[in-house]
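A closer look at the structure
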Amino acid sequence: MRHLLSRFPRPWLALLLACCLALLAACGGGDDDPGPGPTTGSLTVTIGGLPAGVAGAVTVTGPASYSKTLTASSTLTDLAPGAYTLSAASVAQGTGTLAPTPVTQQVQVNAGATASASVLYAAATPLALGLQEVASGLNTPIFLTAPPGDSRLFIIERAGRIRVVQNGNLLATPFLDISALTTTSGERGLLSMAFHPQYASNGYFFLYYTNLAGDIVIERRQVSAGSANVADPLAALTILTIPHPTFSNHYGGLLSFGPDGYLYAGTGDGGSGGDPPRNAQNTNVLLGKLLRLDVNASSVAQPYAIPPGNPFATAGGRPEIWAYGLRNPWRYAFDVPAQLLYIADVGQANLEEVDVRPAGQAGNNYGWNIMEGTQCYNSASCSQAGLVLPAIEYGHDTAGGCSITGGYVYRGTALPELAGQYLYSDYCSGWLKSFSYSNGTASAVKDWGITNVGNILSFGQDAQNELYMLSGTGKVYRIVRK
């Protein structure tokens, strides 16, 4: 079979070959093709005005669901062409705020090019705190808490009742009433409660109260099957009873689950003045201590177990003890993000103190009654070897007070400028103060100018980590932006 090209006359064949060669030349040939151009671009974001150690908060969003948060100046590469939005948020600096300019902006990114944008931070109006009343008409509100993830507030009345605030309303029916089991003589009464971390599934909560004999009782209770706002009055299991003879003061009073899932209890030294039996330094008694108990499998036969790591679990003292040398640790608090434990220990006659130690550190001796705060107690000199000294202290004077009321480290969302600050008050003076703690040192003590709210009995914390102050006037206040 003859080749197809043989059908063409020779002049036409030559002309056809010439045309093909011209077309190839016009296309540049195979080896000289530069390929496709760039398909992505870049964006340089400059963040200014931030002091050393303070992170910005700039979020960049764009095509193909792109999202990235920047804390400092950066260049973003391999970006799809299109419009990108920068949203900048305020950041905290101590107790103040740094505000961004602009808050939002849009930048066009083109292929093969680098776009730019800038955000400048500057000091905003300083934070001011106020109090918002959330409940009133209460009988000595002594503590406030909430189950994990719950929107309700549970307020303890010292006489023995637990009240519920739901959707802003104080419910008429108490959650629980144990007034027949306790008395308010001296410093006695129902002093605190703690919800089990798995309360939503097991319904367990724990009480700390004094019985009619004046002894300390730690007891497990349970919510009723029929109503989330009422406890089962018959479901009671005694976890621990601690004898508290002779005196009707210094009971401590706080129960709290720590970050390790164990139940902690702060007990007073047994009362009177000066701890005459030296209970706080005696590791064979449970008064003047911070206790740590495993109550996750409590039963009548074994109400609690001793967690591994308790410092006297094997020998040398009571295995329930976690720390000792406390006078009257009315309120203490765990700061979970920082893994720190704050203990506000009420002083004798001269000094009030806040102690801060790592939450997982066992066996601390906080010094009472060898020392009161940073001073030797009833002695010109004393050995401070092995003792934990206060992070801060204040005196009993016109600018101070008489009895510290410990609070919490703020970890809520409504007041980001306050994050990491430990808040506390004084029963007599009723002020609100805070300080920061880092690298083993307390700093930036601030008075927030809160006045005329009565004797501050306690702080409270809800499930969203917002904080409250409880007043002897029968009112409960949320700490808010002024």
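To be clear, the structure that these remarks concern was listed above.
None of the values given here were measured: they were computed from a predicted structure.

Brief notes about the overall build of the protein
In terms of helices and strands, the protein carries 2 helices and 36 strands. Relative to a compact globule of 482 residues, whose C-alpha radius of gyration would be 23 Å, the protein shows 33 Å and is clearly more extended. In terms of its C-alpha atoms, the protein occupies a principal-axis envelope of roughly 130 × 55 × 50 Å. Here the protein holds 482 residues, and 48% of them are scored as buried. Residue pairs at least 24 apart in sequence account for 56% of intrachain contacts in the protein once pairs closer than 6 positions are excluded. For the protein, the exposed area adds up to about 21,500 Å²; of that, 53% sits on carbon and sulfur atoms. Averaged over its 25 positive side-chain charges, the protein has a centre that lies 7 Å from the centre of its 30 negative ones.

Concerning the pairing of strand β8 (residues 104–109)
Side chains Q105, V107 and V109 project from β8 onto a buried face, and the interleaved T104, Q106 and Q108 project onto a face without burial. Relative to β8, strand β5 (residues 82–88) runs antiparallel, the two sharing 6 bridges. Bridged to T85 within β8 is Q106.

Observations regarding the state of the cysteines
Enumeration according to the criterion identifies 2 disulfides in this entry. The disulfide bridge from C376 ends at C382, spanning 2.1 Å between sulfur atoms. Given an S-S torsion of about -85 degrees, the disulfide between C376 and C382 has left-handed geometry. Residue classification places C382 among the partly exposed residues on the basis of a relative accessible area of 26%.

Looking at the sheet that holds strand β23 (residues 321–324)
Strands sit in the order β20-β21-β22-β23 across an open sheet of 4 strands; the sheet is antiparallel. Strand pairing shows two members of the sheet lacking a second neighbour, β20 (254–257) and β23, which therefore form its edges. With strand direction ignored, the average angle separating the axes of adjacent strands in the sheet is 20 degrees.

A word on the environment of P147
Tracing the chain through its elements places P147 in the loop between β11 (141–145) and β12 (153–157). Taking the relative accessible area as the measure of exposure, P147 reaches 2% and is therefore buried. Separated by 223 residues in the primary sequence, P147 and I370 place their C-alpha atoms 38 Å from one another. Every residue in contact with P147, bar those within four places of it in the chain, is listed here: F154, F195, Y199 and A463.

Observations regarding the pairing of strand β33 (residues 441–447)
Looking at chain direction, strand β32 (residues 432–438) and β33 are connected through 5 bridges and run antiparallel. Each residue of the ladder has a partner; that of S438, found in β33, is T441. A loop of 2 residues connects β32 with β33, the two strands running antiparallel in sequence, and N439 in this loop sits at a positive phi of about 50 degrees.

Focus: the nonpolar core
By size, the foremost hydrophobic cluster in this structure holds 92 residues, and its most contacted members are I162, F175 and F205. Each residue touching I162, except ones within four places of it in the same chain, is listed here: F154, I155, I156, P174, F175, L176, L190, M193, F205 and L207. By size, the runner-up hydrophobic cluster in this structure holds 19 residues, among which are V60, L70, L98 and V107.

Thoughts on the side chain of Q421
Assignment of secondary structure puts Q421 in the loop between β30 (404–409) and β31 (422–426). A relative accessible area of 2% means that Q421 is categorised as buried. Here S436 takes part through its side chain, which lies 2.3 Å from a polar atom of the side chain of Q421. Those residues within four positions of Q421 in sequence are excluded, and the remaining contacts are T95, Y408, V409, Y410, S434, F435, S436 and A444.

Some remarks on the environment of A301
Structurally, the position occupied by A301 is in the loop between β22 (289–293) and β23. In sequence terms A301 and C402 are 101 residues apart; their C-alpha atoms lie 43 Å from each other.

Here's the deal with unusual backbone geometry
The peptide bond linking T101 to P102 adopts the cis configuration, its omega dihedral lying at -10 degrees. Structurally, the position occupied by P102 is in the loop between β7 (96–101) and β8. A cis amide bond links W368 with the next residue in sequence, N369, at an omega value of 0 degrees. Relative to the helices and strands, N369 resides in the loop between β26 (351–358) and β27 (371–372). We note that S65 has phi near 60 degrees; this positive angle belongs to a residue other than glycine. Inspection of the secondary structure puts S65 in the loop between β2 (58–62) and β3 (66–70). Classification of S65 as exposed rests on a relative accessible area of 73%. Positive phi is not limited to glycine here, since N452 has a value of about 60 degrees.

A word on the sheet that holds strand β4 (residues 74–79)
The strand order across the open sheet built from 5 strands is β4-β1-β9-β7-β6, with neighbouring strands paired in mixed fashion. Of all the strands in the sheet, just β4 and β6 (91–93) have a single pairing partner and so form its edges. Averaged over all pairs of adjacent strands, the angle between strand axes in this sheet comes to 25 degrees, irrespective of strand direction.

Some thoughts on the pattern of salt bridges
The tally for this structure, following the rule as stated, stands at 9 salt bridges. Measuring nitrogen to oxygen at the nearest pair gives 3.1 Å for the salt bridge that ties E320 to R318. Looking at E320, the relative accessible area reads 4%, which means it is buried. Taking the relative accessible area as the measure of exposure, R318 reaches 29% and is therefore partly exposed. Salt bridges sharing common partners tie together E157, R161 and R163.

Reading the values: rules and limits
- Residues numbered from 1 in each chain as written.
- Predicted model: local features only at pLDDT ≥ 70, side-chain atom pairs only at ≥ 80, totals over all residues.
- Heavy atoms only, no water.
- Helix = DSSP H or I, 4+ residues; strand = E, 2+ residues; numbered from the N terminus.
- Rg over C-alpha atoms; globule rule 2.2 N^0.38 Å.
- Buried < 20%, exposed > 50% of the residue type's maximum accessible area, 1.4 Å probe, protein only.
- Contact = heavy atoms within 4.5 Å.
- Areas by Shrake-Rupley, 256 points an atom, 1.4 Å probe, with all protein chains shown as cover.
- Lys, Arg positive; Asp, Glu negative; His and termini not counted.
- Charge placed at Lys NZ, Arg CZ, Asp CG, Glu CD.
- Pairing = 2+ DSSP bridges.
- Disulfide = S-S within 2.5 Å.
- Axes fitted to C-alpha atoms, helices over the stretch in contact; angles between N-to-C directions.
- Core = buried A, V, L, I, M, F, W, Y, C linked by side-chain atoms within 4.5 Å.
- Polar contact = N/O pair within 3.5 Å; in protein donor to acceptor, adjacent residues only side chain to side chain.
- Salt bridge = Lys/Arg side-chain N within 4 Å of Asp/Glu carboxyl O.

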